[in-house]
Amino acid sequence: MEKIIKVDYQSVKGFLTENEISYAKEKAYGTYDILTKGTGRGNDFLGWLDLPSLMDEEHVMKIENVSAKWKEKVDLIVVVGIGGSYLGAKAAIEALSHSFSLHLGSDGKPDIVFAGQNLSEDYMSELMDLVKVRSSACVVISKSGTTTEPAVAFRILKQHFEEKYGKTESSERIVAITDQAKGALKGLATQEGYTTFVIPDDVGGRYSVLTPVGLLPIALAGFDIRAMLKGASDMKGLCYVREDDNPAIEYAAVRNALYSKGWKIEILVNYNPKFQYFAEWWKQLFGESEGKEGKGIYPSSVNFTTDLHSMGQYIQNGERTLFETVLSVREPARKMVISDDPQNLDGLNFLSGKRLDECNKMAELGTRIAHVDGGVPNIQVEIGEISEYTLGALFYFFEFACGVSAYMIEINPFDQPGVEDYKKNMFALLGKPGYEELAEELRKRVR
Ligand code: PA5
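Predicted model, so just to flag it, every value in this text is computed and none were measured.

1. Some details on the overall build of the chain
Along the backbone of the chain there are 18 helices and ten strands. In terms of its C-alpha atoms, the chain occupies a principal-axis envelope of roughly 65 × 60 × 55 Å. In the chain, buried positions account for 51% of the 447 residues. Working note: accessible area of the chain is about 20900 Å², and carbon and sulfur atoms make up 53% of it.

Dropping the structure here:
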C-alpha cells in the first residue's frame, strides 16, 4: 500500500553525514517521548494530539447541521478570524476548490470569503459591498475572544446584519467559535443567542484546524470533513510509532540537523498554486512555534514554477543558508495533454502528447537537482493527490513534526509571547484605556 505521506531526504545526504542524521534522529525520538508523554514545556496545550478521535460523530453532526440550516437561504459566508483562527480553513478551502469557482458562477455551494485577518479599510469596505448584495451568514472565530482585527470586522458585520435582517434573523445567521467561558466574544454570543462551538482549552490557535475552527468553514464550503479527520487519524497512527520510518520524526530530525549546521531558512516549495495558502498555514505553525529565545528556523515559501522567475535566482546563487522542503503531489486531479502542431512555429512539438503534469514534474526534478548542485539541501514530502483525506494527514503530520522539532531546540512550541508586543503599542497609539503611559513614551519616540 502507498504511504499517505512519503518523506525523502536522499539529497540531504550530500550535506550531512550518516552520523549527523542518526544523531538528529535519536534526539528527535527523545523529544517524541517528551511530546507524546506530555512532559515538556507547554504540556497543557497538547489537546490537538487527540483531535482526530475527539471530533466524533456528535461534533461532525453539529457542524453539518449549520450547513443544512444555511443551505436554503445563504449564498455567501464570511469567516472572521486571524492567525490560527483563519489560516487552516483558508488553506484547505483554497487547496480543495476549483481555482476559478468564483468566476464560474454558482455551483449550488455558498461562496466563502474571509474577514478580520487584516485592518485594511479598503478590504473591509469592498467586502461590505459584496455582503450587502448577497444573502450572507457569518462565522466569527476567536479563541481569546478579544483579538482586535476580528473583533472590529465582526462589529461592522453584526451591525449590518441587524439592520438588514433584524435582530432575530441576524442571530440565526451568525455562528461563534470561541472559548467555553472566557472573552468578549463568548459573552456577546451568549447574550445574542448565537449557535456556538467551543475551542478546547488545551488546543492553541495554530493547532486548531481540526476543531470547528477549521472544520466548520471547510464543511460550509462543501468539503468532506469526515474524510479529513480520517486522514488525520491514519496519520496519527503513523506518527505514534517509535521506530524507523516515522515520517514526522524523519522530517523533524533532518530539518534540525540542517539547522544546526547553518541552514537557517526553510522554504516550503509547491508546484501547484492550490497550496499557496497551505504554505501560509505552515509558516504560521512553524514560525510561531519555533521562533523564540533567539532561535528557530525561519519558515518561508515559494510557488513554483511561478517564483522560479522571481526567487529562483536567489535560491540558486544567493547566500547559502537556505534549504527546501518540497510539497509534492504524485497525481493531479485533472489530465491535460499537450497537442501536436504540424507547423510547430513555437518549436514545442517535442512536448506533443505529453501531459502538462509531466512538464511540471520535470521542472520539479530539474529544479531539485539544480538547487542541490547550488548548495541548497532538499527534503521531499510527497502525497498521492490533493484531497480532504491527504490534507487531514498533512495537517496532522506537520503539527506533530513541529512539536517534536521545537522541543529539539528546547523551545515551548505552544506559546507566542512575541505576538503581544505589537498589540501593546497599537492599543497605546489608539488610546485604549490603561495604556496612557506607553502611549506617551511612544509619542516621544516618533516626534
Ligand atoms: O496560533 C495562535 O495562537 C495565534 O495565531 C492565534 O490563532 C491568533 O492570534 C488569533 O487569536 P484568537 O483566536 O484568540 O483571536
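The discussion continues.
2. Looking at the domain arrangement of the chain
A common measure of how large an interface is: the accessible area buried when the components associate. Taken domain by domain, the chain consists of domain 1 (5–39 + 228–408) and domain 2 (47–223). Its C-alpha centre places domain 1 at a distance of 30 Å from the equivalent point of domain 2. In this complex, domain 1 contributes 27 residues to the contact, which on the side of domain 2 involves 28 residues. Considering only the surface of domain 1 that becomes buried against domain 2, Leu229, Lys274 and Tyr277 emerge as the three largest contributors, covering 27% of it. At the surface where domain 1 touches domain 2, the tally comes to two salt bridges. Among the ionic pairs, arginine 206 bridges to glutamate 288, the shortest N-O distance being 3.0 Å. Applying the counting criterion to the domain 1 and domain 2 interface returns seven residue pairs in polar contact (both at pLDDT 80 or more). Mapped onto the side of domain 1 that touches domain 2, the elements with two or more residues apiece are helix H11 (225–239), helix H13 (276–290) and helix H16 (388–408). Here the side of domain 1 that touches domain 2 gets eight residues from one element, more than from any other, and that element is H13.

3. Some thoughts on the nonpolar core
Ranked by size, the top nonpolar core spans 103 residues in total, and within it Ile5, Phe278, Trp281, Leu391, Leu394 and Phe398 carry the most contacts. Considering each element in turn, this core owes the most residues, 14 residues, to H16. Both domains that furnish three or more residues to this core are identified here as domain 1 (5–39 + 228–408) and domain 2 (47–223). Once residues within four sequence positions are removed from consideration, phenylalanine 398 is found in contact with Tyr251, Leu268, Phe278, Trp281, Trp282, Leu285, Phe286 and Val381. Ranked by size, the runner-up nonpolar core spans 21 residues in total, among them Leu76, Ala115, Cys138 and Ala153.

4. A word on the pairing of strand S9 (residues 322–329)
Along S9, eight of the eight residues are buried, which leaves the element largely enclosed by surrounding structure. The alternating pattern of S9 places Leu322, Glu324, Val326 and Ser328 on one face and Phe323, Thr325, Leu327 and Val329 on the opposite face, and all of these are buried. Sheet analysis places strand S7 (residues 265–270) next to S9, joined by six bridges and oriented parallel. Bridge assignment links glutamate 266 to a residue of S9, and that residue is phenylalanine 323. Where S9 and strand S10 (residues 378–383) come together, six bridges link them in parallel fashion. Paired with valine 326 across the two strands is glutamine 380, which belongs to S10.

5. Some thoughts on the sheet that holds strand S5 (residues 174–178)
Sheet architecture is open: five strands sit in the order S3-S2-S4-S5-S6, paired in parallel fashion. Both outer strands of the open sheet, strand S3 (111–115) and strand S6 (195–198), are each paired with one neighbouring strand and no more. Strand after strand, the sheet turns through a mean of 20 degrees between neighbouring axes, direction not considered. Pairing of strand S4 (residues 136–142) with S5, which is carried by five bridges, proceeds in the parallel orientation. Counted as the bridge partner of cysteine 138 is isoleucine 174 from S5. The sheet contacts of helix H9 (residues 184–192) involve S4, S5 and S6, and relative to S5 the element is tilted by about 145 degrees.

6. So, the site of the ligand
Residues in contact with the ligand amount to 13 residues; listed here are only the nearest, Ser85, Ser142, Ser144, Thr147 and Gln284. Separating an oxygen atom of the ligand from a side-chain N or O atom of serine 142 is a distance of 2.6 Å. Contacts to the ligand include lysine 143, whose backbone N or O atom sits 2.7 Å from an oxygen atom. Partitioning the shell around the ligand into residue classes produces one nonpolar, nine polar and three charged.

7. Overview of the environment of glutamate 288
You can see glutamate 288 is positioned in helix H13. Sequence-distant contacts of glutamate 288, defined by excluding residues within four places in its chain, comprise Arg206, Lys283, Asp415, Gln416 and Val419. A distance of 3.0 Å separates a polar atom in the side chain of glutamate 288 from a polar atom in the side chain of arginine 206.

8. Side note on the packing of aromatic side chains
Per the stated rule, a full pass over the model turns up 26 aromatic pairs. Members of the aromatic cluster, each reached through a chain of ring pairs, are Tyr29, Tyr32, Trp48, Tyr207, Tyr240, Tyr396, Phe400, Tyr407 and Phe414.

9. Focus on the side chain of serine 170
Its place among the elements puts serine 170 in helix H8 (residues 167–172). Exposure remark for serine 170: the relative accessible area of 1% places this residue in the buried category.

10. Section: the environment of valine 66
Among the structural elements, valine 66 can be located in helix H3 (residues 57–71). The spatial distance from the C-alpha of valine 66 to the C-alpha of aspartate 50 is 24 Å, given a sequence separation of 16 residues. Excluding anything up to four places from it in sequence, valine 66 contacts Val175, Phe197, Leu216 and Leu220.

11. A few points about helix H1 (residues 18–37)
For H1, built from 20 residues, the straight-helix expectation of 28 Å at 1.5 Å per residue is met to within 8% by its first-to-last C-alpha distance of 28 Å. The set of residues buried in H1 consists of Ile21, Ala24, Lys25, Ala28, Tyr29, Thr31, Tyr32, Asp33 and Leu35. Where H1 is buried, its residues contact H11, helix H12 (247–260) and H16. Count one or two residues on from H1 and you reach glycine 38, which has phi positive near 70 degrees.

Definitions and limits used
- Residues numbered from 1 in each chain as written.
- Predicted model: local features only at pLDDT ≥ 70, side-chain atom pairs only at ≥ 80, totals over all residues.
- Heavy atoms only, no water.
- Helix = DSSP H or I, 4+ residues; strand = E, 2+ residues; numbered from the N terminus.
- Buried < 20%, exposed > 50% of the residue type's maximum accessible area, 1.4 Å probe, protein only.
- Areas by Shrake-Rupley, 256 points an atom, 1.4 Å probe, with all protein chains shown as cover.
- Domains from an automatic or database assignment.
- Contact = heavy atoms within 4.5 Å.
- Buried area = accessible area lost by both parts, 1.4 Å probe.
- Salt bridge = Lys/Arg side-chain N within 4 Å of Asp/Glu carboxyl O.
- Polar contact = N/O pair within 3.5 Å; in protein donor to acceptor, adjacent residues only side chain to side chain.
- Core = buried A, V, L, I, M, F, W, Y, C linked by side-chain atoms within 4.5 Å.
- Pairing = 2+ DSSP bridges.
- Axes fitted to C-alpha atoms, helices over the stretch in contact; angles between N-to-C directions.
- Near = heavy atom within 4 Å.
- Nonpolar A, V, L, I, M, F, W, Y, C, P; charged D, E, K, R; others polar.
- Phe/Tyr/Trp six-rings, centres within 6.5 Å; stacked < 30°, edge-to-face > 60°.
- Expected span 1.5 Å × (residues − 1).

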